[in-house]
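These are the residues of each chain, in order.
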Amino acid sequence: MADDNRVQIPRWLKPMNRMMIAVGRVGVSLPMTLLTVPGRISGKPRTTPVTPFEFNGAEYVLGGIPGADWVKNVQAAETVELKTKRKTRTARLVEVPAAESEPVLREFPRLVPTGVPVMIKSGVVTSDDPDEFAALAGRCVLFRIENV
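Residues numbered from 1 in each chain as written. Predicted model: local features only at pLDDT ≥ 70, side-chain atom pairs only at ≥ 80, totals over all residues. Heavy atoms only, no water.

- The protein chain goes by Nitroreductase family deazaflavin-dependent oxidoreductase in an unreviewed UniProt entry, where it is assigned to Nocardia rhamnosiphila.

Laid out in structure tokens, this is it:
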């Protein structure tokens with residue numbers, strides 16, 4: 001597993017996110033969801049693409065880059081908006097304790113294979129090995145999505 005100090009957001013990620021947000025806002029079908037949350041400092045709405053996934057009947061989203069601003073904003077907020085296609089819902093994102101997140105994280109590479117390359121390129125993990133993802137418990141924040 002890579003060291004937190006070596007985690008670096010790929011240069012292409014922010015421009016790609018901006019493009020995905022623009023496309024998603026007009027209702028184009030994307031393989032992801034737009035998460036909008038008030039900024040913890042500014043209070044202004046901040047939007048980022050995320051990929052919710054289901055595990056054992058519950059829905060989750062992973063903060064795959066340690067220290068990401070959107071994760072900090074979610075931790076400070078009561079609720080978020082999740083927009084998929086043209087449907088928007090209000091939800092509460094509840095942080096899953098590290099010990100409970102391990103089995104969910106172990107399945108992440110299988111359930112969300114599109115998220116793995118970004119995490120590898122960012123230095124969060126070195127491969128799609130389920131054990132390496134399980135070891136992210138307590139380092140990367142896993143949220144359970146609860147509809148409001």
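## Looking at the overall build of the protein chain
Then, in step 1: A tally of regular secondary structure across the protein chain gives 5 helices and 7 strands.
Then, in step 2: In the protein chain, the order of α-helices and β-strands from amino to carboxyl end is α-β-β-β-β-α-β-β-α-α-α-β.
Then, in step 3: Taken over 148 residues, the protein chain has a buried fraction of 42%.
Then, in step 4: If you take every contact in the protein chain between residues at least 6 apart in sequence, the share linking residues at least 24 apart comes to 65%.
Then, in step 5: Approximately 8,300 Å² of the protein chain is accessible, and the part contributed by carbon and sulfur atoms is 50%. (Helix = DSSP H or I, 4+ residues; strand = E, 2+ residues; numbered from the N terminus. Buried < 20%, exposed > 50% of the residue type's maximum accessible area, 1.4 Å probe, protein only. Contact = heavy atoms within 4.5 Å. Areas by Shrake-Rupley, 256 points an atom, 1.4 Å probe, with all protein chains shown as cover.)

## Considerations on the packing of aromatic side chains
Then, in step 1: Counted under the stated rule, the structure contains 4 aromatic pairs.
Then, in step 2: When the centroid spacing of 6.2 Å and the interplanar angle of 45° are considered together, the rings of Trp70 and Phe143 count as tilted. Residue Trp70 is located in helix H2 (residues 69-76), and its partner Phe143 is located in strand S7 (residues 141-147); the two are separated by 73 residues in the primary sequence.
Then, in step 3: Judged by its relative accessible area of 1%, Phe143 falls in the buried class.
Then, in step 4: Chaining the aromatic ring pairs together yields one cluster made of Phe53, Tyr60, Phe108 and Phe133. (Phe/Tyr/Trp six-rings, centres within 6.5 Å; stacked < 30°, edge-to-face > 60°.)

## Some words on the side chain of Ser122
Then, in step 1: With respect to the helices, strands and loops of the structure, Ser122 is situated in the loop between helix H4 (116-121) and helix H5 (130-134).
Then, in step 2: Within polar-contact distance, the side chain of Ser122 engages the backbone oxygen of Val118 at 2.7 Å. (Polar contact = N/O pair within 3.5 Å; in protein donor to acceptor, adjacent residues only side chain to side chain.)

## Remarks on the sheet that holds strand S2 (residues 45-50)
Then, in step 1: The antiparallel open sheet is built from 7 strands, whose spatial order is S2-S1-S5-S6-S7-S4-S3. The open sheet is flanked by S2 and strand S3 (53-55), the only strands paired with a single partner. When the angles between neighbouring strand axes are averaged without regard to direction, this sheet yields 40°.
Then, in step 2: Pairing between strand S5 (residues 80-84) and strand S6 (residues 87-95): 5 bridges, direction antiparallel. Across the sheet, residue Lys83 finds its bridge partner in S6, namely Thr88. (Pairing = 2+ DSSP bridges. Axes fitted to C-alpha atoms, helices over the stretch in contact; angles between N-to-C directions.)

## Some points on the pairing of S2
Then, in step 1: Pairing analysis gives 6 bridges linking strand S1 (residues 33-38) to S2, with the strands arranged antiparallel. Of the residues in S2, the one forming a bridge with Thr33 is Val50.
Then, in step 2: With antiparallel pairing between neighbouring strands as the criterion, S1 and S2 make up a hairpin whose turn holds 6 residues, including Gly43 at a positive phi of roughly 80°.

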